[in-house]
Amino acid sequence: MSTPDYMQCAEDHQTVLVVVQPVGIVPEDQFFKIYKRIASVNQVNIRDSQRLLFIRYRHHYPPENNDWGDFQTHRKVVGLIAVTTCASAKEWPQTSERFHGQKEVYGSTLYDSRLLVFGLQGEIAEQQRTDVAFYSSYDNCPDVEKRVEDFVESIFIVLESKRLDRATDKSGDKIPLLCVPFEKKDFVGLDTDSRHYKKRCQGRMRKHVGDLCLQAGMLQDALVHYHMAVELLRSVNDFLWLGAALEGLCSASVIFHYPGGTAGKSGARKASVSQAADAGKRHRPGAQEVLIDPGALTTNGISADTSSEIGRAKNCLSQEDIIEKYKEAISYYGKYKSAGVIELEACVKAVRVLAIQKRAMEASEFLQNAVYINLGQLSEEEKIQRYSILSELYDLIGFHRKSAFFKRVAAMQCVAPTIPEPGWRACYKLLLETLPGYSLSLDPKDFSKGTHRGWAAVQMRLLHELVYASRRMGNPALSVRHLSFLLQTMLDFLSDQEKKEVTQSLENYTSKCPGGMEMITLPDGLKLPPVPFTKLPIVRSVTLLNLPLSLRPHKVKGPVGQNMSTKSPFIYSPIIMHGRGDDRSKKIDFQWVQGDVCEVQLMVYNPMPFELRVENMGLLTSGVDFEPLPAALSLPAESGLYPVTLVGVPRTAGNITVNGYRTSVFGVSSDCLLENLVGVKSSGCMLEVVPSLPRLQLSTSLPRSAHSCGEDMSSSVCVQLFNGETQQLTLTLENIGTETLETLDVTSKVLSTKEKLFGEFLSWDLNQAKSCLPLKPGQSLTLTVNIRVKLDFSGQENLLQDLNDDGISVTGLPISSPLRQVLKPRTENKPVSTDTSKTEFSHIKTLEAVLYFKYSGGAGQVEGYYREVTLGVKVDVEPSVFFTRVSTLPATSTRQCHLLLDVFNSTEHELTLSSRNNEDLLLHASECQRMAIQVDKFDFESLARLQTQSEQTALGSSSRRQQEEERQQAQGGYINSKLDIRWSIPSLRRQGEASVEGVLNQLVLEHLQLAPLQWDVLVNGKPCDCDVVADCKVGDAVPLEVKLTNHSKNTVGPFALTVVPFQDYQNGVQNYDLQDAITFIGSNTFYIDTVNPSDDSVCVGALLFLYTGDFYLNIKFQEEISAGRELPPAWFCLPSVHIKAQEAVEAAA
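Residues numbered from 1 in each chain as written. Predicted model: local features only at pLDDT ≥ 70, side-chain atom pairs only at ≥ 80, totals over all residues. Heavy atoms only, no water.

### What about the overall build of the protein?
The helix and strand tally for the protein stands at 28 helices and 47 strands. The burial tally for the protein puts 48% of its 1149 residues in the buried class. The contacts of the protein with a sequence gap of at least 6 include a subset with a gap of at least 24, amounting to 75%. When the accessible area of the protein is evaluated, it comes to approximately 56,300 Å², of which 49% is carbon and sulfur surface. (Helix = DSSP H or I, 4+ residues; strand = E, 2+ residues; numbered from the N terminus. Buried < 20%, exposed > 50% of the residue type's maximum accessible area, 1.4 Å probe, protein only. Contact = heavy atoms within 4.5 Å. Areas by Shrake-Rupley, 256 points an atom, 1.4 Å probe, with all protein chains shown as cover.)

### Here's the deal with the packing of helix H11 (residues 319-333) against helix H12 (residues 340-356)
Geometry of a packed helix pair, given as the angle between the helix axes and the separation of the axes. Two numbers describe how H11 lies on H12: the axes approach to 9 Å, and their chain directions differ by 165°. Classed by the angle they form, the pair H11 and H12 counts as roughly antiparallel. Along this stretch, H11 crosses H12, giving a crossing that reads as left-handed. Residue-level inspection shows Ile322, Ile323, Tyr326, Ile330 and Tyr333 of H11 in contact with H12, the latter providing Ile342, Glu343, Ala346, Cys347, Lys349, Ala350, Val353 and Leu354. Of the residues in the contact of H11 with H12, the class split is eleven nonpolar, no polar and two charged. (Axes fitted to C-alpha atoms, helices over the stretch in contact; angles between N-to-C directions. Parallel < 35°, antiparallel > 145°, perpendicular 65-115°, else oblique. Left-handed = near helix turned anticlockwise from the far one by under 90°. Nonpolar A, V, L, I, M, F, W, Y, C, P; charged D, E, K, R; others polar.)

### Regarding the nonpolar core
The biggest cluster of nonpolar side chains holds 83 residues, and the ones touching the most others in it are Tyr428, Leu487, Leu536, Trp592 and Leu602. The greatest single-element share of this core, amounting to seven residues, is contributed by helix H17 (residues 456-472). Leave out the neighbours within four places in its chain, and leucine 536 touches Leu487, Leu491, Pro607, Met608, Leu612, Val665 and Phe666. Of all hydrophobic cores here, the second largest spans 66 residues; its members include Trp68, Val254, Phe256 and Leu393. (Core = buried A, V, L, I, M, F, W, Y, C linked by side-chain atoms within 4.5 Å.)

### What to know about helix H3 (residues 92-105)
Helix length check: H3, at 14 residues, gives a terminal C-alpha distance of 20 Å against a target of 20 Å (1.5 Å per residue), a fit within 8%. Along H3, the positions that sit buried rather than exposed are Trp92, Thr95, Ser96 and Phe99. Buried positions in H3, seen along its axis, are confined to an arc of 100° and lie on one side of it. Exposed and facing more than 90 degrees away from the buried side of H3 are Pro93, Glu97 and Glu104. Buried residues in H3 make contact with strand S1 (15-23), strand S4 (77-85), strand S5 (112-118), helix H4 (123-126) and strand S6 (132-135). (Expected span 1.5 Å × (residues − 1). Arc of directions from axis to C-beta.)

### Things to note about the environment of asparagine 767
With respect to the helices and strands, the residue asparagine 767 is situated in helix H22 (residues 767-770). Sequence separation between asparagine 767 and leucine 783 is 16 residues; the distance between their C-alpha atoms is 9.6 Å.

### Here we look at the side chain of glutamate 868
By the element assignment, glutamate 868 lies in strand S29 (residues 865-878). For the buried glutamate 868, no salt bridge exists, and the shortest N-O distance to an oppositely charged side chain is 4.1 Å, to lysine 854. Excluding anything up to four places from it in sequence, glutamate 868 contacts Leu549, Ser550, Arg552, His554, Tyr852, Phe853, Lys854 and Tyr855. (Lys, Arg positive; Asp, Glu negative; His and termini not counted. Salt bridge = Lys/Arg side-chain N within 4 Å of Asp/Glu carboxyl O.)

### Things to note about the sheet that holds S4
As summarised here, the arrangement of the six strands in space is S2-S3-S1-S4-S5-S6, forming an open sheet in which the pairing is mixed. Pairing within the sheet leaves two strands with one partner each, and these edge strands are strand S2 (43-45) and S6. Taking each pair of neighbouring strands and ignoring which way they run, the sheet shows an average axis angle of 25°. Pairing between S1 and strand S3 (residues 52-58): five bridges, direction parallel. The partner of leucine 17 across the bridge, within S3, is arginine 56. Along the sheet, helix H1 (residues 28-39) contacts S1, S3, S4 and S5; its crossing angle with S1, the most-contacted strand, is approximately 160°. Along the sheet, H3 makes contact with S1, S4, S5 and S6, crossing S5 at roughly 150°. (Pairing = 2+ DSSP bridges.)

### Description of the pattern of salt bridges
In the structure shown here, the tally under the stated rule is 33 salt bridges. For the salt bridge of lysine 76 with aspartate 70, the shortest nitrogen-to-oxygen distance reads 3.6 Å. Note that aspartate 596 and arginine 867 form a salt bridge whose closest N and O atoms lie 2.0 Å from each other. Taken together, the residues aspartate 596 in the loop between strand S11 (587-593) and strand S12 (598-605) and arginine 867 in strand S29 connect sequence positions 271 residues apart. Judged by its relative accessible area of 5%, aspartate 596 falls in the buried class. Relative accessible area serves as the criterion here: at 1%, arginine 867 is assigned to the buried category.

### Focus on the pairing of strand S28 (residues 845-856)
As paired strands, strand S24 (residues 743-750) and S28 are joined by eight bridges and run antiparallel to one another. Bridge pairing links serine 748 to leucine 851 in S28.

### A word on the confidence of the model for the protein
Put simply, the protein has an average pLDDT of 83, and 85% of its residues get 70 or more. Within the model, pLDDT remains below 50 along residues 270-312, and this stretch shows 66 contacts once partners closer than five positions in the same chain are excluded. (pLDDT = per-residue confidence, 0-100.)

### Details of the sheet that holds strand S43 (residues 1078-1081)
Strand order in the open sheet formed by five strands is S38-S37-S40-S45-S43, with antiparallel pairing between adjacent strands. Edge positions in the sheet fall to strand S38 (1022-1023) and S43, since each of these pairs with one other strand and no more. Alignment of strand S40 (residues 1037-1046) against strand S45 (residues 1096-1105), held across nine bridges, turns out to be antiparallel. The residue bridging proline 1039 from the neighbouring strand is alanine 1102, located in S45.

### Brief notes about the packing of aromatic side chains
Geometrically, a pair of aromatic rings is defined through the distance of the ring centres and the angle of the planes. Within this structure, the stated rule accounts for 26 aromatic pairs. Between phenylalanine 31 and tyrosine 35 the ring centres are 6.1 Å apart and the planes differ by 25°, which places this aromatic pair in the stacked class. Pair noted here: phenylalanine 31 and tyrosine 35 are both in helix H1, with a separation of four residues, about one helical turn. Exposure class is identical for phenylalanine 31 and tyrosine 35. Each is buried. Measuring from centroid to centroid gives 6.2 Å for phenylalanine 32 and tyrosine 35, while their planes differ by 80°, and the two rings are edge-to-face. Taken together, the positions of phenylalanine 32 and tyrosine 35, both in helix H1 and three residues apart, correspond to about one turn of that helix. An aromatic cluster is defined as three or more aromatic residues linked by ring pairs; in this entry it consists of Trp68, Phe71, Phe182, Trp241, Tyr333 and Tyr336. Positioned over the ring face of phenylalanine 239 is lysine 335, at 5.3 Å from the centre of the ring. Note that arginine 401 overlies the ring of tryptophan 455, its terminal NZ or CZ placed 4.2 Å from the centroid. (Phe/Tyr/Trp six-rings, centres within 6.5 Å; stacked < 30°, edge-to-face > 60°. Lys NZ or Arg CZ within 6 Å of the ring centre and 35° of its normal.)

The following block contains the structure:
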């Protein structure tokens, strides 16, 4: 026997073999359809008996194997079912003849046969025959199974008769010697009458009867006969048949212990009635064998005494003994070269039993023995089958890597050089089956987490073989997929040279068949998942970038709680406001805008030892319609972390999720999902895309600054101005977006500065710009912003020598020292040229401010979003002039005074200083001069009233000191507006203002303040003030009026005024003894009663001049009578009165 049956298992010993074959031309699909229906009848309950008959079907069986039927009866073909197609009655004789020819092949062993004829109709088909069944078609044959059952019962009848015939002890009859084919020539000429020969014949027959009993369903009888055969054959050293008897004993014991079978799910069978009864009587492991006299058996194998059944069960081997007997039987088979197939099949059966017993190491010993069994010259197909079965058996006992090894050997055998037409498809299919044994799968996700499993070198060899096999199959797509898998999963184990070779091979393959992300389905249904190149390059972090500052959307802030659900009864709910923590952990707190280019930054590095070219690298997103803008990059060899920015444009609004990125490397397109990347840091991958908004582009008339201001600015400008100078900044705002700009608002903010700033730094008129709205795409508007710098103009005392006021007044104090009383001698027009002073005065100060342009439009405005573009304004302020000293002198009028300013030109140019109603003052570089300005005193009370009204609208928490400072600053600004001091530099054609706001101290302000009590003196109805000389005639009465106007907040008075006339000789002598020259008409004392606020009071008197001359009137207060002691003296400044008395003739002239 040369052809082994690798599917053999121990329970096959109780089956009868039936061959099902086609006769003539039968469609293959139709034949196997009928074959499956026939094979479904694999066990039949015999009528009038409690026994089961098991049938084993084969559609191909070598006739030479049938010759071993006496050695083991389950190898004998006892039934033949022929399937044929007969279209007409003319073909029937030929078909019948073929059927008989088929029977002759197995004729010596057949018990019965059947012919199934399909397609024949008519008289012949109507004949009733037991061995032939006619059917009109393959689809119309409902009773095939029933006919097969009847056929099996007929086989059982023959089998049972043969068993009874052989089992009956016919004393006197000569027992024939059963032989295997190769023994026949060895027994020629032997002494058939010797005791040794007879024992051999008896032992072999006992073994044969045991086989028949086992097939007939009589397990206990078979055990008894096998035991007897073992003893007989062992005594005559008939090793081949002794091995067969031991194997039969093992098979019967296996059937007893394992009713479900040992062939796995495919060979599982139902437990018979007798087996179910025997299952409860299993012997303990290691029990001794007990032989029973076969004479105690009845003809049908069922004993009348049930107690003997217990004894029969003891003939069964224990589970441990089964394996020992198998080893012994195999050792006997090994003595015979021609019994190699029997030995191999016995090893397979023992392995299946050990697999159920979970004794893997012992099973591997049997398999190792099977590997080295020489079966002679095997065909390539038989070698493939042998290695495949060895692989399956190793897999059955859990030796997966060993199983994979033999499966791979089988695969290589499919394409052996000796085969004229190598079977690459079969090779590829077998190689795929080896993958689990080597801890390989075709899914790259299995290699993305945890440590690498398996031997990388073996895995790479296997993957290379898969690539080669798929190429020889003519499927380049498969080659690309496997080579991509090799590069992705085995990258860490490839040497630099191997990396270059693999990538070159991959590029060669992809030049003919580019790799993609589609699922590849093989003909057998196996699906190869796509292999994204997540390691080419390796990504370490993914960061979604915010839009540039000028393009970021801002939500219009509404009232608190406006966005909260109105259905909730709670004032505050963290669930409503913040949502679930899981959602917030992934969503990013900034937004993208529909239609704008958005960016995602990846930190990548190239692990390859050569330059890596990545093409068409773009983003993978979901949630909104997103247009990725692919990028191409080239990473140097082993580059280290390298930033890559991927961009795209969201075309719709909503929530967008960045799922990963797409690449094309070595001709393979990959979709790399972030969830499949290992060790990637990400701050989140979901954010909101708001509806589209307009875009403003800002251009300025001034040069842009290289350095932005303190905050992040869209852009910034820088300008250099002198202190007090004003510069116009023209801004052009162009709508470069696709949405119409509908709203525009401009605000400014001065950044924190140590310098005190007076007045508005930035000012503009937005009305003209708003008149251009709405601004369509492509249109622009202009806005003029005035930059006005007005810092403190006060100088420091130690930088200059003070200019005194020649002792005329000590009301003026140095700016830096309010308590200074010592006046230094003045040096006329002395320039200050010391290095220290130049350094100090040339110090440039910096002012910074931000202009905010808030604008909106389009769908984004409907949703409550706007954009904000910012412009930083940086001004370097150079000093222009300094007021180093300020003082006041009284004027001739009580309502005027002189303001004295010492002015220093700190520039390097000639400078002209001017003020209202005053001559220009020319100052050379670094020159200091005094400037005198006659000013009307100021009514601060009205200013204070306006300020009080504004303070009432503001919060009342400011301190008194702050209020005082604000009041002083308001007064300084008011005075400055009246003075209108300006400077100009003709050589530079630049001009500006010089402010005294920060220069005036409290004492100077008091001198400049108009007293709340206004005194007016009228002579002859004309006011006397400012050196006005009143004319009168000698001898005429001169009316004298004194009018008091109360501008204070309180009631004042009463007051008593005394008029004292005198003459001034202009030589320091004053004459008060004028009783003979002047007489009063009435009293020389005027009385004024209480005066309410905002009211006035007038008292009238008269004078009579007796002589001509210049007379002066000194009006004094009588302190003991007047109620003004608590009021400041400055409130009682009455104007001086100068009267010139003339003769009547002179006056007329």
